[in-house]
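This is what each chain is made of:
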Amino acid sequence: MSADPPVDDRPPLRADARRNRDQIIGAAKAIFAAHDPETVPMEEVARRARVGVGTLYRRFPDRTALVRAVVLDNFARALAEADAAGAEEPTAWDALVRLLRTSAELDLSVRLAVLSPRTWAALRADPDALELRDRVLAAIDALVLAAQAEGVLRADVGAGDVIRLFSLLLRRPLCEDVEPAPFACERTLAVALDGLRARGGGLPGESLTTADVLPR
């Protein structure tokens, strides 16, 4: 599965323009990881990117254009990380754990797609964003099914359950390695992953699919 972003048929940017664009997207991703994209001042993005506000608006004429660029870039990178994990880890379970533990791209993708409904609502009609999101979900779904076939992941969960669990872990600022709870995020994720392992006991209701959690 290729992780290439949708083809952009616009003329290529000059090196300085490309550098400015990459800096803006990088700054926006860092800020969006901690704050609602709808409330972040565009001036703050420009300041973090070390470009003028005029430069930002030349590249991205409004907030929706900036969010779209961040979404497309982030989903493409999350897909690449999912593909790399699946190819490089010895088991599908190891690949899934690696993706959930280490992927900042997946982290932000979940935040934008699940935890920022207004942001996602603005992009639901965007075919490129939908295509990349669906490819990310399909990659996660494939890892979940393969891990179940290995007998490591419990059979009564679906990819939607995994995504939902991951999104719940992102709702609170648990990941600051400071007192009084050092390593809180790592411990919480370890507990969640342990609960996904195959063992006795059942769960109420039906397993969740990705469509249950992230409908179009």
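Scroll up to find the structure.
What counts, and where the lines are drawn
- Residues numbered from 1 in each chain as written.
- Predicted model: local features only at pLDDT ≥ 70, side-chain atom pairs only at ≥ 80, totals over all residues.
- Heavy atoms only, no water.
- Helix = DSSP H or I, 4+ residues; strand = E, 2+ residues; numbered from the N terminus.
- Buried < 20%, exposed > 50% of the residue type's maximum accessible area, 1.4 Å probe, protein only.
- Areas by Shrake-Rupley, 256 points an atom, 1.4 Å probe, with all protein chains shown as cover.
- Core = buried A, V, L, I, M, F, W, Y, C linked by side-chain atoms within 4.5 Å.
- Contact = heavy atoms within 4.5 Å.
- 1 Å grid on protein atoms, 1.4 Å probe; cavity = no way out; pocket = protein on both sides within 12 Å on 5 of 7 lines; lining within 4 Å.
- Points joined across faces, edges and corners; volume = space filled by probe spheres on them.
- Nonpolar A, V, L, I, M, F, W, Y, C, P; charged D, E, K, R; others polar.

**Observations concerning the overall build of the chain**
Helices and strands together make up the secondary structure of the chain, namely eleven helices and zero strands. The secondary structure elements of the chain, listed N-terminal to C-terminal, are α-α-α-α-α-α-α-α-α-α-α. Burial status across the chain gives 41% buried among its 216 residues. Of the roughly 11,700 Å² of accessible surface on the chain, a fraction of 53% belongs to carbon and sulfur atoms.

**Focus on the nonpolar core**
With 64 residues, the main nonpolar core has Val45 and Leu66 as its most contacted residues. Once residues lying within four places of it in the same chain are set aside, the contact partners of leucine 66 are Ile24, Ala28, Phe32, Met42, Val45 and Phe60.

**Looking at empty space enclosed by the protein**
In total, this model carries three cavities of 30 Å³ or more according to the counting rule given. Of the pockets and cavities examined, the largest cavity occupies roughly 90 Å³. Lining the largest cavity are twelve residues; nearest its centre among them are Ser109, Val110, Val136, Leu137 and Leu214. Those elements that place two or more of their residues in the lining of the largest cavity are helix H6 (104-115) and helix H8 (127-149). Broken down by element, the lining of the largest cavity gets its largest block of residues, five residues, from H6. Taken together, the residues that form the lining of the largest cavity break down as ten nonpolar, one polar and one charged. Its volume calculated, the second largest cavity comes out at about 40 Å³. Around the second largest cavity, the lining residues are Leu100, Leu106, Val110, Ile140, Val162, Ile163 and Phe166. Elements with a contribution of two residues or more to the lining of the second largest cavity: H6 and helix H9 (159-169). Examining the composition of the lining of the second largest cavity, we find that three residues originate from one element, H9, more than from any other. Its residues placed into classes, the lining of the second largest cavity shows seven nonpolar, no polar and no charged.

**Considerations on the environment of alanine 65**
For alanine 65, the location among the structural elements is in helix H4 (residues 63-88). The sequence separation of alanine 65 and leucine 123 amounts to 58 residues, and the corresponding C-alpha distance is 9.8 Å.

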